[in-house]
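Given next are the chains, with one letter for each unit.
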Amino acid sequence: MSQHLAIIGGTSGIGRATIAQLQGDGHQVHAACRSPEKLADLGLVAQRFDALARRRSLGRSGSTGSSTSPGRSCSSPSIA
């Protein structure tokens, strides 16, 4: 059964290989990445998205520090 799948990133490496594999399996792939033109050869129309540029435009540093908000922490659920 064909599915619609979203990939964040995907212009190189594991993301690009994942997109190619998913398309080869017959799925409809949607992507968001900094350089969507790099996905044109896969026949994929991607949405331009740059989280670091967005963060800078909001006046926040994106190059150092934690990826979580102050006072929040990330934890993985335990698996029984």
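None of the values given here were measured: they were computed from a predicted structure. (Residues numbered from 1 in each chain as written. Predicted model: local features only at pLDDT ≥ 70, side-chain atom pairs only at ≥ 80, totals over all residues. Heavy atoms only, no water.)

**Student:** Would you explain the layout of surface pockets in this entry?
**Tutor:** With a probe scaled to a water molecule rolled over the atoms, the places where space remains empty come into view. By volume, the largest pocket amounts to about 230 Å³. In terms of lining residues, the largest pocket is bounded by Ile 8, Gly 9, Gly 10, Thr 11, Ala 32, Cys 33, Arg 34, Ser 35, Phe 49, Asp 50, Ala 51 and Leu 52. Of all the elements in the fold, those that place two or more residues in the lining of the largest pocket are β2 (28–33) and α2 (51–57). When the residues that make up the lining of the largest pocket are grouped by side-chain class, the tally is six nonpolar, four polar and two charged. (1 Å grid on protein atoms, 1.4 Å probe; cavity = no way out; pocket = protein on both sides within 12 Å on 5 of 7 lines; lining within 4 Å. Points joined across faces, edges and corners; volume = space filled by probe spheres on them. Helix = DSSP H or I, 4+ residues; strand = E, 2+ residues; numbered from the N terminus. Nonpolar A, V, L, I, M, F, W, Y, C, P; charged D, E, K, R; others polar.)

**Student:** Whenever I open this one, the environment of Ala 6 confuses me. Can you help?
**Tutor:** In this structure, Ala 6 sits in strand β1 (residues 4–8). Measuring from C-alpha to C-alpha, the distance between Ala 6 and Val 29 comes to 5.9 Å, with 23 residues separating the pair along the chain.

**Student:** Hey, could you run me through the side chain of His 27 in this one?
**Tutor:** Looking at where His 27 falls in the secondary structure, it is placed in the loop between α1 (13–24) and β2. Apart from residues no more than four positions distant in its own chain, His 27 is found in contact with Met 1, Ser 2, Gln 3, Leu 5 and Leu 22. (Contact = heavy atoms within 4.5 Å.)

**Student:** How should α1 be read in this particular structure?
**Tutor:** Structural remark: α-helix, 3.6 residues per turn; residues separated by three or four positions point the same way. For α1, built from twelve residues, the straight-helix expectation of 16 Å at 1.5 Å per residue is met to within 8% by its first-to-last C-alpha distance of 17 Å. Regarding α1, the residues found buried are Gly 15, Ile 19 and Leu 22. On an axial view of α1, the arc spanned by its buried residues comes to 70 degrees, and they lie on one face. Summarising the geometry of α1, the exposed residues directed more than 90 degrees from the buried face are Gly 13, Ile 14 and Gly 24. Those residues of α1 that are buried lie in contact with β1 and β2. Backbone geometry just after α1 places Gly 26 at a positive phi near 95 degrees. (Expected span 1.5 Å × (residues − 1). Buried < 20%, exposed > 50% of the residue type's maximum accessible area, 1.4 Å probe, protein only. Arc of directions from axis to C-beta.)

**Student:** So what exactly am I meant to see when it comes to the pairing of β2 here?
**Tutor:** Every other side chain in a regular strand lies on the same face of the sheet, so the side chains alternate between the two faces. Examined bridge by bridge, β1 and β2 share five bridges and lie parallel to one another. Considered in β2, the bridge of His 4 is made with Gln 28. Taken together, β1, α1 and β2 constitute a β-α-β crossover, and its handedness is right-handed. Two elements, β2 and strand β3 (residues 47–48), share two bridges in a ladder whose sense is parallel. What sits directly across from Cys 33, in β3, is Arg 48. (Pairing = 2+ DSSP bridges. Right-handed = clockwise from strand over helix to strand, strands pointing away.)

**Student:** Any chance you could explain the pattern of salt bridges here in plain terms?
**Tutor:** Any two side chains of opposite charge can pair, so long as their charged atoms come close to each other. Scanning all chains against the criterion turns up two salt bridges. In this structure, the salt-bridge partner of Asp 41 is Arg 16, at a minimum N-O distance of 2.5 Å. Here Arg 16 lies in helix α1 and Asp 41 lies in the loop between β2 and β3, a separation of 25 residues in the sequence. You can call Arg 16 partly exposed: its relative accessible area is 21%. Between Arg 48 and Glu 37 there is a salt bridge whose closest N-O contact spans 3.3 Å. Of this pair, Arg 48 sits in strand β3 while Glu 37 sits in the loop between β2 and β3, and the two are eleven residues apart along the sequence. (Salt bridge = Lys/Arg side-chain N within 4 Å of Asp/Glu carboxyl O.)

That is the geometry; function is a separate question.
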